[in-house]
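Coordinate inspection notes
Each chain is listed here by its residues.
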Amino acid sequence: MISIPTVTLGDGTIFPQLGFGTYRLRGAAGVDAIVSAIDLGYRLLDTAVGYENEAEVGEAIRRAGVDRDELIVTTKIPGRDHGYDEAIASARGSLDRLGLDRIDLLLIHWPNPRIGRYIDTFRAMVDLRERGLVRSVGVSNFTEPMLQELIDAAGVTPAVNQVELHPYFPQAALRAFHAAHGIRTESWSPLARRSDLQGERLIGDIASAHGVTPAQAVLRWHVQLGSTPIPKSAHVGRQRENADVFGFSLTGDEVAAISGLERGRLWDGDPDTHEEM
Ligand code: NAP
């Protein structure tokens, strides 16, 4: 089993430096894939109401049979559930589908600023934390002004901001804001799904220099940036490969060269305008 190192979040929670994405893992094959990830040593699991696989995640947790307290189960409140009462009901629905009595990390999936209710949503999440139904509260796809507004209004700093982050979009300014406020960065689409990142010559050369695969070089880059990547794979071999990035280090020049691939978002997921319900 691979031992994935941890960091301590601003709220004191012990949090893995690498986790497992579950988008598109559904049905019996999805459960099998999540069980194999847990068996391999992944302890941070990322789901969402919108992925329609919370039941699969819960079933995999029960089948894998690891101590529940070792796992950080993340789910997210969708845009359609923004608002105080709606968010409480949304989290209760997630708990039912997961078959758990606690969500370890609850995120606002997208800010949906046009709806204008993410502060009420966050207040509900903080209350759920106080009731013991949620361990850590965080956000996803929040920009610096949105984070500042939330911190000022709620008086609570989100423990995590899960954002699009990969070598084509390294998010240096946002990461600096996170570091200054004690917010842990999580990278979604860390392997830049929807692109040919792994075919980049630079990535291939750096991977060869360390005797690792292109995916491992990219995931190691995330770790060294201080962000927790949550790669998804349906295949046990790739799951093992993706978790096995703690036995080598990139040089500072290699990290900088990979960051130099920056060209922007992979698709039109700008949190100021993207609506996701
Ligand atoms: P990703 O993890 O960057 O890439 C996943 C893709 O890469 C899959 O097609 C997978 O195929 C393939 N892959 C995985 N490991 C590989 C390897 N070692 N070599 C070659 N190919 C490999 O993309 P993602 O699923 O979009 O993002 C990860 C997670 O982030 C999601 O599952 C979800 O939990 C989360 N997410 C959150 C948001 C948000 O708004 N908060 C948005 C997007 C994603 P196989 O499965 O066939 O191996």
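Residues numbered from 1 in each chain as written. Predicted model: local features only at pLDDT ≥ 70, side-chain atom pairs only at ≥ 80, totals over all residues. Heavy atoms only, no water.

**Quick notes on the pattern of salt bridges**
Applying the stated criterion across every chain yields a total of 13 salt bridges. Residues Arg102 and Asp104 are paired through a salt bridge, measuring 2.8 Å at the closest nitrogen-oxygen approach. Assessed through its relative accessible area of 18%, Arg102 is described here as buried. Arg135 serves as the salt-bridge partner of Asp104, at 2.9 Å between the closest nitrogen and oxygen. Here Arg135 lies in strand β7 (residues 134-140) and Asp104 lies in strand β6 (residues 103-108), a separation of 31 residues in the sequence. You can call Arg135 partly exposed: its relative accessible area is 28%. What emerges from the salt-bridge pattern is a single network uniting Arg68, Asp69, Arg102, Asp104 and Arg135. (Salt bridge = Lys/Arg side-chain N within 4 Å of Asp/Glu carboxyl O. Buried < 20%, exposed > 50% of the residue type's maximum accessible area, 1.4 Å probe, protein only. Helix = DSSP H or I, 4+ residues; strand = E, 2+ residues; numbered from the N terminus.)

**Description of helix α7 (residues 201-210)**
The set of residues buried in α7 consists of Ile203, Ile206 and Ala207. One side of α7 holds all its buried residues, which, seen down the axis, span an arc of 100 degrees. Opposite the packed face of α7, turned more than 90 degrees from it, sit the exposed residues Arg201, Ser208 and Ala209. Looking one or two residues past α7, Gly211 carries a phi angle of roughly 65 degrees, positive in sign. (Arc of directions from axis to C-beta.)

**Looking at the site of the ligand**
The local shell around the ligand holds 28 residues, among which Asp46, Ser189, Lys232, Ser233 and Arg238 are the closest. Tyr51 is positioned such that a nitrogen or oxygen atom in its side chain is 3.2 Å from a nitrogen atom of the ligand. A distance of 2.9 Å separates a nitrogen atom of the ligand from a polar atom in the side chain of Asn242. For the ligand, whose unbound accessible area comes to 910 Å², protein coverage reaches 87%. With respect to the detected pockets, the ligand is housed in the largest pocket. A per-element tally of the shell around the ligand places helix α9 (residues 236-243) first, with three residues. (Near = heavy atom within 4 Å. Polar contact = N/O pair within 3.5 Å; in protein donor to acceptor, adjacent residues only side chain to side chain. Areas by Shrake-Rupley, 256 points an atom, 1.4 Å probe, with all protein chains shown as cover. 1 Å grid on protein atoms, 1.4 Å probe; cavity = no way out; pocket = protein on both sides within 12 Å on 5 of 7 lines; lining within 4 Å. Sits in = over half its atoms within 2 Å of the grid points.)

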